[in-house]
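Structural overview for review
Each chain is listed here by its residues.
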Amino acid sequence: MVQHRLPMIPSAGEVSWVASINGVKKQLNIENNAILLDVLRDKAGSLGTKRGCDMGTCGCCSVLINGEPRLSCLTLAAEAEGYEITTVEGLADGHHLHPIQEMFAECGGSQCGFCTPGFLVVSSALLEENPSPSDEEIKTAIEGNLCRCTGYQQIVDSVRAASAILTSGESVEDSTSPKSDPHPGFSGE
Amino acid sequence: MSKDENEDEMVGYRQQPGKLPFAKPGSGGKDRFSRPTDQEMIPESQGGELAQPWGSHRHDNLVSGQVIGKATALVDGRWKVTGQAQYGDDIRLPGELIGRIIRSPHHYARVLSVDFSKALEVPGVVAIATGADAENKFGVLPVTKDEHAMAVEKVRHVGDLVACVAAEDEATAREAERLIEVEYEILDSIHDMRDGLQDSDLPIHDRGKYHIGEANVQKRVFQEFGDVDGIEENAIASHKENWLFAGVNHAATEPHAVVANWDPAGRLTLYTPQQVPHYVHRALADVLEIPMHQINVHRTFVGGGFGGKSDPFPHEMCSAILARKSGRPVRITFDREEVYWINRGRHPSRIEMNLHADSQGRICGIETDALIDGGGFASFGHVTTYYNGVLHTAPYEIGAFHYTGARVWTNKPASGAMRGHGAVNSRCAVETGLDDLAEKLSVDPIDLRLANLLPPHSATITGFRVTSIGMRECLERVKKESGWDEKFRKMPLGKGIGIGCGFFISGSGLPIHWDPNKFPHATVHLKIDMDGGVTVHTGAAEIGQGSDTVVAQSVAEVLGLPLDLIRIRSKESDTSPVDLGSYSSRVTFMNANAAISAAMQIRDELLDATAEITGAKREKLVIGDRRIFAKNDPAVGVSYLEALHKAQEDRGALVASGAYRTPPMGRTHKGAAAGLAPAYSFSAYVAEVSVDVETGQTKVEKVWAAHDCGKALNPLAVKGQIIGSCHMGMGQVLSEEMKYGRSGHLMNPDLLDYKIPSVHEMPEVVPIIVESNDPEGPFGAKEAGEGPLLPILPAVCNAVYDAVGVRTAELPITPERLLRIIERKCKAEGVDDPIKLPSPRLEYSELQAVLSKRAEEHAKRDLERRLNDNRQPYHNGALFGLDPTTPPDEVDQKWAVNVIPSEEYLSDPRLAGSAWKHTERRHRGDS
Ligand code: FES
Ligand code: FES
C-alpha cells in the first residue's frame, strides 16, 4: 500500500519558525521538513483548516499565503516562513462574520461543512481581488475545491450574494447582539 | 347569559397594542413586538391564505407561520463557516495518543502470527492490540454479524485490519506500524462476483448450518408476484439488457476519524463522525464486553456521510481498545486511501433487466436478476439484496414482477449502504429499459410512464402501502419546463434529452436492531426553563443534511417561536434519547414527527395557562409569534413568557417527550418487510446532454429535477439535497468507478483517479419541488435526501441515446467506453465518420393515442383519490382488469406470491438466480 502522508523524508531536526497567522505573529518549534497543514492543525491550533486528502486533490486545506490561495498540504512550512497566513479562523472581524461566511451559512453554501473552510478562504481571496465576479470567474476560482454535498450551485449562489453585500458596503450584524424577546408586546395587528 | 354564549365578549386580560404590562425575568432582547401572523403561511383549512391543492393536513392547526416552508439557514451553519465545527480529527484531548492501523497487504490470507516485540521497543510506542484482544463479532445487522475489531484467523481483503498501535505521535506510530511483523499464509482469493456463486474450498465466511452450499453467497432472494406465467403471452414488446455497474465510493470530504477516552470513573466516551451513533453504541458494548450504560457515544460534526459512516467500524473498536490498554485518549484518523479500504460504497453489480409491455401499453412484466458484489463483509448487504428488487415495484402499476437477487462475498473492501441504497443501479436499468420499450412501441417515454402510474393511496404489487404520490406532477413539471416536446428526438446529432424517474423509501418501516412493538423509532425530549429557551434533545445524527434544523423548525413552528430560542443538543448518547440514525432517509419523517408530538404537549400546557390568565376559552386561543391570543380578538392574550411562567408555577421547567412509531403495514411473505416505509418519495428528472461523437465525451448541460418531498419544510435544504444528489449521481454515471486491476487490486484509492465531478462538470440544475402533502409526514413532509439521486443516472443514459443513438449498459459512461460503442455503431451502420450517424427520431404509433387518453383519465382518477377521504382501496392489478379492492392473489389464481424457486426455474436459472441451486448446510444430509 502507498503511504500518501508526507513527510516521507526523515527530518533533520527541529527549527524555530516564524509566521504571522491570522494577524498574530507566531514563533513555533517545528520539524524542518514539516508540512504547513500539520503545523497549522497540530501546532498553531487552526483546526478549522481541514485535511481531506494530503495530496492536493480536495482543496479542504486551502489557506491564504500573503493573500494568495495555497494548498497547505502541498506546502512546506519552511516555504511560508515569515509570511502572512490566513486561515478560515482569520476571516471574521471578531463577531462580525465576513460576508462570505454569512452568505455560505444563509444560502446553502455549506452542508456538512467540511469543505467550507477551503471554499471560504479561496472565495474571499477572489472577492478581495474582484469584488463583483461573474459566475464563470467564481467557478474558476473554486475549481480546485471539491464539495461532495452541495453540487456547487448554492456555493456559487453564496459567493454571488457575498459579492452583492461587499459591493453595497453593508456589514454583517454582530452575532452577539441581543436575540428575540420572549416577552413581546402586542403589535395591534 | 354566560360569556360562553357570546363570542365577542372576551373578558379579563386585554393588552393594549404596544404596551408591555410588566417586565419579566428572562425577557429583553430584540423584536419587542410580536409580529402579526403571516397569513400567507397559514393553511386555507385554518382560515389563512396558503393554498392547499392537495387537501388539508392533520398538522395544519399547528402552523403558526414561523419557519416551516421558509428557506432557513442551517442552525449549526455558523460553526461551520467559522472553522469552529469539530469533526472527528478536531477532537484533541489532553494527553492524547495517535493510533495507526496495520492493514493486510493480501487479498485473502490466514494470519499465522503477529510479532510486535520490535515495535514495542520503539520509544514512544504505548500500546499495541491485535485480533486476540477482542474476539467478539459485530456488524450493523444483527443477523449478519461477521466483523472483528481486527483479524481473527483471516484477512479478507487488502486493507483489512490486522493490528493497531498507539504512540506519542504520528511519526512514531508509523514507525511502529512498519516494525510489526505479520506472517500470512496466502489463500486463493476471488474477485469476480460471478465466481462467488460457485462452491469454494474455503468460503470467505462460514455461516455454519446456514451456509449456502459451500459457496460465497451471503444472501439470496427469490420473489414472484402477479401473472408471471402470462408475461410471454401478453407481451407485444420486450426489453432485455445486461448491465454492469462499477462500485462507487461515497467520497465524503472528511476521512473517517475517531477518538476514544475512558474517564476516571471507567466510562468510555467515543467521539466519532457517525450517521448511526446508536449502532456503534451497541457494537462497542458487544466487543468491549461492557454494558451500554458504561459508554457515551459522542457524535462529532460529520464531514459527509452518504451511508459511508453508517456501519459500526472496526477502527472505532480499535481506538477504544487502545485507549483502554494505554490509559490515555487515542485518536485515529484515516488517510484518504484508508477510506477506500473501509469502503461500504455502492455494490458493483451485474443486473439483467427484462421489461415487457402489452398491447395496451401496460407494463405486463418486470423481470430482474441482480448479482451484487458485497466484498469482504456483510454490512447492510442483506437489505441491499432485497432493495435491488423491491424498490422498483413502484411508481408503475405492473402485471408481474419476478426478482432474483444474490449478494456474494469477494476479496474486495466491503460494499454497503450508499445514498439511494440498493435502488440506484436497478432503477437505472428499469428507467433506461422503459425508454427502450417506448422506442419499440413508438410512443413518447413520458406518456408511457404517465399512463402506468399507481394512484395515491394504493398498494404495490409487493404489498407496500403507498400514501401520497406526486409522481404525475413531477413528470408534468419537468416535461413542461424542459421544453420536452420541442426537443425529444428532434435535436441534432450530439445533442440529446432524456427522462428518468425515481421512487424511494422515507424511512424504513421495520428498523433493524429493534423490536418495533417495544420501542419507538425516534424520540425527542424538550425542556423549557424560565428563560424561555427551548432545549431539544434528539439523537438524530446531523450529518449536514439539516436534521438539527428541521427538528428546531418543527418545535419553533408549533410553539410560535423564532429559531434563536431553540437550541439543539443532539450529540451525546448520555443526553439524547435513542434515535436509529441518519440512514434510509428516515430523519425528517420520523424525528420531526417525534418533535411535533413533544412540542404539542408543551403547546397544550401553554394554552391551558393562557386560558387561565385571560379567562378566554381554550379552543379560541391560537399561537402566533411569541404570543398566545384569542383568534377573534388578538388583544386578548399573553406573551409566550407569561404563559410559560404560569405553566411553570407549580412544577418548574416544562419537559416533554415525543416519539414516533410506524403504523402496522405490509404483507407477510418472507422478506415482506424489506422496502416497507411509512411513506415514499417520487422524482422525475430531465437531463440535456451533449456528446462529442468523435471523442465519446459526454457533458450534462442542464437538468430539470422535480422531486416530491411531500412538503418542503426547508426549501433551501431540499434544493440543496436535490442538487447535491445530482452531483453524486452524475459522478456515478459519467466518471466515478472503483477500478480493480487484473490482480484484483484497487487502483484508484484517492481523489485524483477516483473522479468526483468538479464545479466545471456540474450542469445547471433546476430544482422543482412538488408537495404531495403526505398524510402521516410532519406537516406533510417526506424524504428528500436520497430519492433525488435515482433519476439522474437513467436520465443521462437516455439523453445519451437521444444524442447519438447508442445505449450503454456499463457505467460509468467514460469517453473510452462510449467511443467504443459509437465505433461499433458506425460499423453496423456502414458509416465511415461518426458525425454522419443518424440521430434517433420518433414517429408515433397508434398506441400513443391510447396512452395519452389513459394518462388523462388517470390524472382525473388520481385527483379524486387524493382529495377524497372516503377512497376505496386500490391494489396493483386494477389496471389489468382486476378488482382494485382486494389483493389480486386473493381473487385470481394466476396471480402468484412466491418466494421459493420452482424446480423448473432451477433447471435454467438466471445468473443471480443460480445461487438457489445451492442447498443450505442444515438442509443437506451431510452435515
Ligand atoms: S488536504 Fe490538501 S488538497 Fe486535500
Ligand atoms: S458541504 Fe459537505 S463537502 Fe461541501
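Residues numbered from 1 in each chain as written. Chains lettered and ligands numbered in written order. Predicted model: local features only at pLDDT ≥ 70, side-chain atom pairs only at ≥ 80, totals over all residues. Heavy atoms only, no water.

1. Some words on the pairing of strand 4 (residues 68-71) of chain A
All names here are of chain A. The sheet contact formed by strand 3 (residues 62-65) and strand 4 spans four bridges and is antiparallel. Each residue of the ladder has a partner; that of Leu64, found in strand 4, is Pro69. Between strand 3 and strand 4, which pair antiparallel and follow one another directly, the connecting turn spans two residues, one of which, Asn66, has a positive phi of 50°. (Pairing = 2+ DSSP bridges. Helix = DSSP H or I, 4+ residues; strand = E, 2+ residues; numbered from the N terminus.)

2. Some details on helix 13 (residues 547-559) of chain B
Between its terminal C-alpha atoms helix 13 of chain B stretches 18 Å, which fits the 18 Å expected from 13 residues at 1.5 Å a residue. Looking one or two residues beyond helix 13 of chain B, the residue adopting positive phi is Gly560(B), at roughly 70°. (Expected span 1.5 Å × (residues − 1).)

3. Examining the sheet that holds strand 7 (residues 217-226) of chain B
All names here are of chain B. Strand order in this open sheet of seven strands is 29-8-13-14-15-7-30, and the pairing throughout is mixed. Here the strands that pair on one side only, and so sit at the sheet edges, are strand 29 (810-811) and strand 30 (896-898). Of the strand pairs in this sheet, strand 7 and strand 30 are connected by three bridges, and their pairing is antiparallel. Paired with Gly226 across the bridge in strand 30 is Ala896.

4. Some remarks on the environment of Lys50(A)
Secondary-structure assignment places Lys50(A) in the loop between helix 1 (36-43) and strand 3. With residues near it in sequence (within four places) discarded, Lys50(A) still touches Leu37(A), Arg41(A), Cys60(A), Cys61(A), Phe114(A), Pro117(A), Ala85(B), Tyr87(B) and Asp90(B). (Contact = heavy atoms within 4.5 Å.)

5. A closer look at unusual backbone geometry
All names here are of chain B. The peptide bond linking Ala394 to Pro395 adopts the cis configuration, its omega dihedral lying at 5°. Inspection of the secondary structure assignment puts Pro395 in the loop between helix 8 (381-390) and strand 15 (400-408). Note the cis peptide between Leu811 and Pro812, where omega equals -5°. Mapped onto the elements of the fold, Pro812 is located in the loop between strand 29 and helix 18 (815-829). For Ser379, which is not a glycine, the phi torsion comes out positive at approximately 50°. Turning to its location among the elements, Ser379 is positioned in the loop between strand 14 (363-373) and helix 8. If you check the backbone angles, Arg489 has positive phi at about 60° while not being a glycine. Mapped onto the secondary structure, Arg489 falls in the loop between helix 12 (484-487) and strand 18 (495-505). Assessed through its relative accessible area of 3%, Arg489 is described here as buried. (Buried < 20%, exposed > 50% of the residue type's maximum accessible area, 1.4 Å probe, protein only.)

6. Side note on the pattern of salt bridges
A full pass over the atoms with the stated rule returns 77 salt bridges over all chains. In this structure, Glu431(B) and Arg427(B) form a salt bridge, with 2.9 Å as the shortest nitrogen-oxygen distance. Taken together, the residues Glu431(B) and Arg427(B), both in helix 9 (residues 424-441) and four residues apart, mark about one turn of the helix. Under the relative-accessibility criterion, Glu431(B) is labelled buried at 0%. Looking at Arg427(B), the relative accessible area reads 1%, which means it is buried. Its salt-bridge partner being Glu857(B), residue Lys853(B) comes within 3.5 Å of it at the nearest N-O pair. Of this pair, Lys853(B) and Glu857(B) both sit in helix 19 (residues 847-867), four residues apart, which is roughly one turn of the helix. Judged by relative accessible area, Glu857(B) falls into the partly exposed class, the value being 41%. One connected set of salt bridges, linked through shared partners, spans Arg41(A), Asp42(A), Lys50(A), Asp89(B), Asp90(B), Arg92(B), Glu96(B) and Arg331(B). (Salt bridge = Lys/Arg side-chain N within 4 Å of Asp/Glu carboxyl O.)

Worth remembering: the numbers are spatial, not functional.
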